[in-house]
Amino acid sequence: MAFIRRRRLERELYSKERFSLLLLNLEEYYFEQHTANHIINKDCKDERKFRGSLKICSKSIIFEPDDNIQPIIKIPLRDCTSIKAPEDNEANNPFTRDTSGGISVVCSQVFLIKERNVIAPYKTVRGRAEHFFQLDVARKVGDVVQTLHQLYRASCLDKMGDQAAMITAILQSRLARTSFDKNRFQSISETLHMECKAEMVTPLVTNPGHVCVSDANLYFQPLNGYPKPVVQITLQNVRRIYKRRHGLMPLGLEVFCTENDLCSDIYLKFYSCQDRDEVYRLIAKYIENHIAEHTAESYVLQWQRGHISNYQYLLHLNNLADRSCNDLSQYPVFPWIIADYSSSVLDLTKPETFRDLSKPVGALNKERLDRLVTRYQEMPEPKFMYGSHYSSPGYVLFYLVRVAPEYMLCLQNGKFDHADRMFNSIAETWKNCLDGATDFKELIPEFYENDSSFLVNSLKLDLGKRQGGKMVEDVELPPWASGPDDFLQKSQEALESPYVSEHLHEWIDIIFGYKQKGSEAVAAHNVFHPLTYEGGVDLNSIMDPNEKVALLTQILEFGQTPKQLFTTPHPQRKIQKLKSLSRTSSHSTSIAESPVSPIEESFEDLTEESITLAWNNIAKLKLDKQYKIHKEAITGIAVTCNGSSVFTTSQDSTLKMFSKDSKTIQRSVSFSNMALSSCLILPGDTTVISSSWDNHIYFYSIAFGRQQDVLLGHDDAVSKICWRDGRLFSASWDSTVKVWHCVPGEILSNKKHHFELLAQLEHDVSVNTIDLNAANTILASGTKEGTISVWDVTTATMLHQLPRHSGTVFHAAFSPDSRHLLSTGEDCCFKVIDVQTGMVVSSVTTEEPQRCFKWDGNTILSGSQSGELLVWDLLGGKVTERIKGHTGAVTSMWMNEQCNSVITGGEDKQIMFWKLQY
């Protein structure tokens, strides 16, 4: 995992250096270092001298001896009683300075760290002691003593806010006196775009310095030169960049040079939002398919379609919700999945093996929940159910102490937690999360990664002795795990199991979604302290610096709730147990209603394979023939079952029948002087139905070559018609969609069709397009004002009304499995909607309007305004092929059932025949 890899990399890079910023207190800065000797018992017979490095920090003095056997010495400035040059004659003033090469520090206590280079709790040595530091460069003593006096005064202030304000003033003064060293540029030809002050963020610590953006690189130069003089990132290598909320303020920026890694290349905290946004803008210019244009919806469809795993999807959501491995107060959060830690065999086919993902951890135990709810109801405002969070720095390091012990020591003032409160056992930890009065923690990504080192005490740390006398060593695993690697492997299998795939959306609703806040959170027993939520407090409105520091410290240590990503129920990921029926047949029914025999199933498998093969090669579509058969734009295309006859409608008011064999127009019919808008052929290839702008729907008999019937169905132009199972669906500019029961004339003695209005679906504005799902139970409509409506046809009720486009919706169509609806409009956007929830799960911006399309759920073949056919990778959000076609907009498209033959019609009055050439 990212955190473990980062620790391993740091150990490799700085293995010779024992000092790290983790030796500082929280919110402490490291200013400068000087080569020096530490002299003990100066001028005495047993005088000892140790060479090393003196570090000046905002709240302490740290001396790192070159000899690894000797401990690092940390002297808190607040515990100092004298800081001076020994030769100073002003004996009555303990805080003075001189220009000699030595500095005398008298203190009441010191901390000894990493003695014999062993990571262990800090040793505290109390009692008055003098420490003499002899600097190699004697002329710097005066400045160092002056700095120490300033910092000492700050550390002696009673209130934390006043301390922080004075230290910040000292820091800003130092930053103002320095600037980025242009000699650090990689090339003399680089052009400077921007320079500003910022801090580099790593877990628990920040390091101030200067940010510089050139036309080729991003640089960060630490004020103290630690851990190296400059951090450089080539802008061309940047793949992702995110604005972050750091310390509850919109000041963070995280830069990644990888596509999927959770570990970033640099995390910066700026002093102003304007600086952050400008650096963001400069870097974003270099990123192809810039991730900032995407939101959580960018990944929903990929996850639903199985293109990314549950683990990958959760990483993406954490990233988008401001969770970062560089910020332990906002570390990525993952769910407890397994509830069985006692069986010898883990059975992933049993639902009882799994935790209830529809509830937060605090609600999993009903008895505990009842007590918490009672307390919540009796609590004055602001109310909250849980006194602790599910993710905090303490919880993260609870899990990772074996690989990140120095972080735990930093967080807990040089101490490990009590041995009985350590991460000793998976089963014990789970039990405590179920039963503990204040323990509601979730897991971290490491539990679903491949690096099991956090479960093993490979560093041989002395983590204490438990009450029973047993030393804390490796984490105790459940019986079903043969070892740490096997535990992680089975945890991964559980996370990707069918049960979790079908229920993970419920946990997402709680952590990232609509049950995170408000009345839904109360109903779900998911209410935490108000300060943990984004926007829970406005730090800028708090004038008292002490109150602000106290509040910020409380929030950062307590943990923070992720940014809310979804405000509607999250779509479910359904596991396909059976293959769907033919993708494009207008007469197919849902799989649940159509049991198939083994012979039919094998034939269907072949059909599915041929369809998949066709869509995989759709970019190889080649123009076969083209014919100009109309005088105006073509509006509809229908083809007989044997493929020999093609019927087209046009704005020139004619219905034409074109023979593919003779390549001639065999019929041309005009029903009125108004444009025709669409056409379809009834089952049996005996009747063609056309819709017209004159408010009528016309029935034309192919066999008799004449108009058979007419339906005056609307009060304005009929824009689109569909036929399913003896029912006619008609959309109109009169703001309705009507459902008709239609008995063909051949069945009745009078040869006329009989029409019965079954339902009328009312809209606010003109309806431009409609489509039905495979089971003929759900209808989608698109209006001239950009609204997509989803209707339950069986009850004539609206399920969703979604303002998804700005401008006319040109076309909308269900995916073959009917789970998603794709629409395109005048606003140059493709939108994919989850039919069950109404959530937009993908959005792709196009260069120009796409007028019509066919799709298989993953790939789109669209007809553009300019006449090109475009092949889209929907999940990647990009065009993979451009095919030259019409000289005007492509206005109509037909595709056969095998998806290997396409006919298009355009504003250029032509129809074009296309074939796949493998």
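Everything below is about the structure shown above.
From a predicted model like this one, the values you see are computed outputs, not experimental measurements.

Once that is clear, we can look at unusual backbone geometry. Following Y226, the chain continues to P227 via a peptide bond in cis, the omega torsion being 0°. Its location among the elements puts P227 in the loop between strand 10 (217-222) and strand 11 (231-234). Of note, the phi angle at N776 is positive, near 60°, even though the residue is not glycine. Its location among the elements puts N776 in the loop between strand 28 (767-772) and strand 29 (778-783). A relative accessible area of 3% places N776 in the buried class.

Moving on, we get to the environment of S766. Along the chain, the position of S766 falls in the loop between strand 27 (754-762) and strand 28. Judged by relative accessible area, S766 falls into the buried class, the value being 18%. With 620 residues separating them in the primary sequence, S766 and Q146 have C-alpha atoms 78 Å apart. Once residues lying within four places of it in the same chain are set aside, the contact partners of S766 are S732, W733, S735, T783 and K784.

Quick look at the pattern of salt bridges now. Oppositely charged side chains can pair when the atoms bearing their charge come close. Under the counting rule described, the total for this entry stands at 27 salt bridges. Salt-bridge contacts for R466 lead to E428; the nearest nitrogen and oxygen are separated by 3.2 Å. One end of the pair, R466, is in the loop between helix 10 (426-435) and helix 11 (484-495); the other, E428, is in helix 10, with 38 residues separating them in the sequence. By sharing partners, the salt bridges in this structure join R244, R245, E254, D322 and K563 into a single network.

On the basis of which strands lie adjacent, the open sheet formed by 4 strands has the order 24-25-26-27 and antiparallel pairing. Edge strands, defined here as strands with exactly one partner in the open sheet, are strand 24 (718-724) and strand 27. For this sheet, the mean angle separating the axes of adjacent strands, direction not counted, is 20°.

On to the state of the cysteines, then. Applying the stated criterion across every chain, the model contains 0 disulfides. For the unlinked cysteine C80, the closest cysteine sulfur is that of C107, found at 5.7 Å. Looking at C80, the relative accessible area reads 3%, which means it is buried. C263 takes part in no disulfide bond, and the closest cysteine sulfur, belonging to C325, lies 4.4 Å away.

Right, let's get into the side chain of R402. Looking at where R402 falls in the secondary structure, it is placed in the loop between helix 8 (393-400) and helix 9 (405-411). For R402, the side chain forms a polar contact with the main-chain oxygen of F423, separated by 2.9 Å.

The next subject is the sheet that holds strand 18 (residues 654-659). Strand order in the open sheet made by the 4 strands is 16-17-18-19, with antiparallel pairing throughout. Only two strands of the sheet have a single neighbouring strand rather than two, namely strand 16 (634-639) and strand 19 (664-670). Within the sheet, the average angular offset between the axes of one strand and its neighbour, ignoring direction, is 20°. Note: strand 16 against strand 17 (residues 645-650), 5 bridges, orientation antiparallel. Counterpart to G636 in the pairing with strand 17 is T649.

Calculation rules
Residues numbered from 1 in each chain as written. Predicted model: local features only at pLDDT ≥ 70, side-chain atom pairs only at ≥ 80, totals over all residues. Heavy atoms only, no water. Helix = DSSP H or I, 4+ residues; strand = E, 2+ residues; numbered from the N terminus. Buried < 20%, exposed > 50% of the residue type's maximum accessible area, 1.4 Å probe, protein only. Contact = heavy atoms within 4.5 Å. Salt bridge = Lys/Arg side-chain N within 4 Å of Asp/Glu carboxyl O. Pairing = 2+ DSSP bridges. Axes fitted to C-alpha atoms, helices over the stretch in contact; angles between N-to-C directions. Disulfide = S-S within 2.5 Å. Polar contact = N/O pair within 3.5 Å; in protein donor to acceptor, adjacent residues only side chain to side chain.

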